[in-house]
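What follows is each chain in one-letter form.
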Amino acid sequence: MDMSQAAAIVLSVVNSIALLVIISVGLAVIFGMMGLINLATGEFLMLGAYMTVTFYRLGMGFWVAAILGSLSVGLFGIIIERCLIRFLYGRLAAMMLATWGLSLIMIQVVTLIFGTSTQSLPTPLGSFKIGGYSFSDYSVVVDVAALAMLGLVYVVFTKTRYGTMARAATLDATMASVIGIDVRRVNMLTFGFGAALSGLGGALLSALAGVVPTFGQQYVGNAFMTVISGGAAVLTGTASASVLLGGVQGLVSNASTAFFGSISLLLVAIVLLRFMPNGISGKWGRRF
Amino acid sequence: MVETKRRRRLAHLSILAAALMLGTTLSACQGGAMGGGGNAASNTSGPIKIGMLLDQTGELSLAGQPMLKSAQMAIADVNAKGGVLGRKLALTSYDPQSDNSKYAQYANQLAGQDKVDVIMGGITSASREAIRPVTDRTKTLYMYNEPYEGGVCDKNTFLNGATLDQTISPLIPFGIKKFGPKVYVVAADYNFGHDAAKWVQKLTAKAGGTVVNTEFVPLNVSDFNSIINHIQAAKPDIVASMLVGSNHVAFYRAYAAAGLNQSTPILSETFGLSGEQVVLAPKEAHNIYVAASYYAALNRPENVAFKKLWHQANGADYQEPTAQDVDVWNGIHMYAEAVKKAGTTDRTKVIAALESGITFDGPGGPVSVDPKTHHTIYDVEIAQTNTSHTFDIVKTTPQVQPTWEQSVCDLQAKPDVNKQFTLP
């Protein structure tokens, strides 16, 4: 194996990790901070992708379209929290059914509006070469974006006033409200933030894959695997699970085929959860 | 401790939830057959009834809607020219809603209650295999107007679409001759992809080339990084792509984004079936060669006339017709010719007429029935993607026989054979 082949494998493994981060970080925020299982998470990705395609068609550049797409899913998340989610806190099964129903409704509504045909926008930027291998610039953008999303989560939850309040509300909602934190408002913002992160994930994916109403379904399994394997710690858990699962998937795909890569991801997640039922971060004392 | 328990319960519930969602996706792919239905007696007066099953809603509606428009056009065309045996053609159509169990149900209804003279339709191979048992049992003639993987051998069934064998046979030797002998195969990981990969293997060897690697990609995979690396390591002269569906569109993207499409062309039998040439930007769809029995760019008088009718009926801005739309048009005209020749709609006599070698000058070139296999002899076009989201014709191979079907299926010598042959 020469240097350029090694570089190709490293880049592709890093990209597999980054793809897991961008699909799961929104889910991780909602799950980790609110203890809420959002089964519509795949449809938040899908909505982000559709909004990005729409803004792009309206003549905006891809980057602007992606950010607007992400923000509009965040806004949508806030509306959903106000109209649906807030009535169901503490009722886990009801919450799962409601978000699952939401996901079905979203798929059907998007089908009605956009039809079943594949929508897409071209992958931005060009390619670069290392030795005999060429790579797309955009895959590096996705890597950087994944890091930036983790960085954003870190900054928002540790460096801002809202973040401190959100963590307080997570640890003990009653106590938090006693000391004057408006837990309902915090929950609304957290749900919206998680939705916006999922929306950004979908926006980034829209330039890679074809966008169809069932777009989210292909990612939701891996997103749940990553978040559950990561455990309750939003940032460190998701990051370490992405590195582990994405790393194994990337290496196995490169050494054999994409088929075995997909299997290896699931296998590692199952074995990991057998021995660490609370995920990688389950035994870590800190929540973040 | 309470906290830990809650987390654990959450974890279990969410895994269950993920499994549930996977389950619903899978169960959507399954169908079932229904019983019932009697013998369809051939009517002797009134209009000749053509039963049509093409999805107008659901995921296959994208293909089904223009195909039904094509059927309506063909029937209007036959009727405008005086009909058949002094009788008009009449269409009875149901929407199977992209659901295979509805195919069996509506096929029963067409045969049993509506007593149609012929059933046409079915888009996927699964839907065809849902219809075929019903038409066989109720002794109703069946025509499948759709390109498919090949190999069906059934006295009661006529297959009016080009087979994999017919379209790939000219494409692979063309690619090897033009670009070089080393072929890398990427194919969708299901029945069709595996069949297609076997065909590429066989034809590459025959044309003096070598398949350097074959990679099967599950339908839900859209991360093509590792595959792009494998292709770059193998340095093939050509990539043969038999990928299918919206996730696999990502392959052409990743391939172009890595700059590979500048150096290594792609040959594909499937590119364009999901409108890939429209979905992808021209620079992403650059350097891709495809093959089918029809492309809208064909410059034949029959095609010019057909496209004029097509846009008159469906609007000037309506999408261009595709091979499957033309297959429907051809199928109905061939059936009309066969009834004329038989002098009746009686099933056995119409089958005999079709087997006598009915020929129709379709938009894509002359098409005729192969009596031994009930398949169709077609002109096959090789085309190349261009910068305006369509295809340019590169080469026409006239009158391509269903050679492989002819080697395994002979319905004149063995009319009772009823199976689908597959490549070993």
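Everything numeric here is computed off the predicted structure, so don't read it as measured data.

### Here's the deal with the overall build of chain B
Stage number 1. A tally of helices and strands in chain B yields 14 helices and 16 strands.
Stage number 2. Of all 424 residues assigned to chain B, the portion counted as buried reaches 57%.
Stage number 3. In chain B, 70% of the contacts between residues at least 6 apart in sequence involve partners at least 24 apart.
Stage number 4. About 16,100 Å² of surface is accessible on chain B, with carbon and sulfur atoms providing 55% of the total.

### Section: the interface of chain B and chain A
The figure often quoted for interface size is the accessible area lost as the parts come together.
Stage number 1. Contact with chain B, which involves 49 residues of that partner, is made by 55 residues of chain A.
Stage number 2. Counting the contacts that link chain B with chain A gives 0 salt bridges.
Stage number 3. Counting every contact that joins chain B to chain A gives 15 residue pairs in polar contact (both at pLDDT 80 or more).
Stage number 4. For the side of chain B that touches chain A, the element with the highest residue contribution is helix α1 (residues 2–27) of chain B, accounting for 16 residues.
Stage number 5. Considering only residue class, the side of chain B that touches chain A consists of 22 nonpolar, 16 polar and 11 charged.

### A few points about the environment of A145(A)
Stage number 1. For A145(A), the location among the structural elements is in helix α5 (residues 137–159).
Stage number 2. Note: C-alpha distance between A145(A) and G201(A) (56 residues apart in sequence) is 9.1 Å.

### As for the domain arrangement of chain B
All names here are of chain B.
Stage number 1. Entries for chain B in the domain assignment read domain 1 (48–162 + 300–377) and domain 2 (165–292).
Stage number 2. The C-alpha-based centres of domain 1 and domain 2 are spaced at 30 Å.
Stage number 3. Listed per partner, the contact involves 6 residues of domain 1 and 5 residues of domain 2.
Stage number 4. At the boundary of domain 1 with domain 2, total buried surface from both sides reaches about 440 Å², with 56% on carbon and sulfur atoms.
Stage number 5. On the domain 1 side of the interface with domain 2, the three residues burying the most area are E149, A162 and T376, jointly 68% of the side's total.
Stage number 6. Our count for the contact surface shared by domain 1 and domain 2 stands at 0 salt bridges.
Stage number 7. Taken together, the connections running from domain 1 to domain 2 amount to 1 residue pair in polar contact (both at pLDDT 80 or more).
Stage number 8. Looking at side-chain class alone, the side of domain 1 that touches domain 2 contains 3 nonpolar, 2 polar and 1 charged residues.

### A word on the pairing of strand β11 (residues 288–292) of chain B
All names here are of chain B.
Stage number 1. Burial of β11 is extensive: 5 of the 5 residues sit out of reach of the surface.
Stage number 2. Where burial is concerned, the two faces of β11 agree: the one with I288, V290 and A292 and the one with Y289 and A291 are both buried.
Stage number 3. Pairing of strand β10 (residues 266–268) with β11 involves 3 bridges; the strand directions are parallel. Residue pairing across strands places L267 opposite Y289, the latter belonging to β11.
Stage number 4. Where β11 and strand β14 (residues 376–385) come together, 4 bridges link them in antiparallel fashion. Bridge pairing in β14 places V290 opposite A383.

### Side note on the sheet that holds strand β4 (residues 141–144) of chain B
Residues and elements named next belong to chain B.
Stage number 1. Taken in spatial order, the 5 strands line up as β2-β1-β3-β4-β6 in an open sheet, and their pairing is parallel. In this open sheet, the two strands that pair with only one neighbour each are β2 (89–94) and β6 (157–159). The average undirected angle you get between the axes of adjacent strands in this sheet is 25°.
Stage number 2. Two strands pair when backbone bridges link them, and strand β1 (residues 48–53) and strand β3 (residues 118–121) are joined in this way by 4 bridges, in the parallel orientation. The partner of I50 across the bridge, within β3, is V118.
Stage number 3. Its contacts with the sheet place helix α2 (residues 61–80) against β1 and β2, and it is angled at close to 165° to β2.
Stage number 4. Those strands touched by helix α12 (residues 323–342) are β1, β2, β3 and β4, and its axis lies near 155° from that of β1.

### Side note on unusual backbone geometry
All names here are of chain B.
Stage number 1. The backbone of K139 shows a phi angle near 50°, a positive value even though the residue is not glycine.
Stage number 2. Within the secondary structure, K139 is located in the loop between α4 (125–137) and β4.
Stage number 3. A residue is classified by how much of its surface remains accessible, and K139, at 44% relative accessible area, is partly exposed.

### Focus: empty space enclosed by the protein
Residue and element names in this part refer to chain B.
Stage number 1. Tallying each qualifying case throughout the model produces 2 cavities of 30 Å³ or more.
Stage number 2. By volume, the second largest cavity amounts to about 50 Å³.
Stage number 3. If you trace the second largest cavity, you find it lined by E149, G150, D195, W199, W404, F421, T422 and L423.
Stage number 4. Along the lines of polarity and charge, the residues of the lining of the second largest cavity split into 4 nonpolar, 2 polar and 2 charged.

### Focus on the packing of aromatic side chains
Stage number 1. Under the criterion given, the structure shown has 26 aromatic pairs over all chains.
Stage number 2. Taking 5.0 Å as the distance between ring centres and 75° as the angle between the ring planes, the aromatic pair formed by F62(A) and W63(A) counts as edge-to-face.
Stage number 3. On the basis of relative accessible area, F62(A) is assigned to the buried category, the value being 6%.
Stage number 4. Judged by relative accessible area, which is 40%, W63(A) ranks as partly exposed.
Stage number 5. Put simply, the rings of F224(B), F251(B), Y252(B), Y255(B), F271(B), Y295(B) and F391(B) pair up and form one aromatic cluster.
Stage number 6. Its end group placed over the ring of F275(A), R274(A) keeps NZ or CZ at 5.4 Å from the ring centre.
Stage number 7. Its end group placed over the ring of Y144(B), R128(B) keeps NZ or CZ at 4.9 Å from the ring centre.

### Details of the pattern of salt bridges
Residue and element names in this part refer to chain B.
Stage number 1. Evaluation of the coordinates by the stated rule reveals 13 salt bridges over all chains.
Stage number 2. A salt bridge links E284 to R253, with the nearest nitrogen and oxygen atoms 3.1 Å apart. You can see E284 sitting in the loop between α10 (276–279) and β11 and its partner R253 sitting in helix α8 (residues 249–257), a full 31 residues away along the chain.
Stage number 3. For K307, the salt bridge identified is with E320, shortest N-O distance 3.5 Å. Taken together, the residues span a long stretch of sequence, with K307 in helix α11 (residues 301–314) and E320 in the loop between α11 and α12 at a distance of 13 residues.
Stage number 4. With relative accessibility at 22%, the residue K307 sits in the partly exposed group.
Stage number 5. One salt-bridge network, in which partners are shared between bridges, spans R128, E129, R132, E149 and D154.

Calculation rules
Residues numbered from 1 in each chain as written. Chains lettered and ligands numbered in written order. Predicted model: local features only at pLDDT ≥ 70, side-chain atom pairs only at ≥ 80, totals over all residues. Heavy atoms only, no water. Helix = DSSP H or I, 4+ residues; strand = E, 2+ residues; numbered from the N terminus. Buried < 20%, exposed > 50% of the residue type's maximum accessible area, 1.4 Å probe, protein only. Contact = heavy atoms within 4.5 Å. Areas by Shrake-Rupley, 256 points an atom, 1.4 Å probe, with all protein chains shown as cover. Salt bridge = Lys/Arg side-chain N within 4 Å of Asp/Glu carboxyl O. Polar contact = N/O pair within 3.5 Å; in protein donor to acceptor, adjacent residues only side chain to side chain. Nonpolar A, V, L, I, M, F, W, Y, C, P; charged D, E, K, R; others polar. Domains from an automatic or database assignment. Buried area = accessible area lost by both parts, 1.4 Å probe. Pairing = 2+ DSSP bridges. Axes fitted to C-alpha atoms, helices over the stretch in contact; angles between N-to-C directions. 1 Å grid on protein atoms, 1.4 Å probe; cavity = no way out; pocket = protein on both sides within 12 Å on 5 of 7 lines; lining within 4 Å. Points joined across faces, edges and corners; volume = space filled by probe spheres on them. Phe/Tyr/Trp six-rings, centres within 6.5 Å; stacked < 30°, edge-to-face > 60°. Lys NZ or Arg CZ within 6 Å of the ring centre and 35° of its normal.

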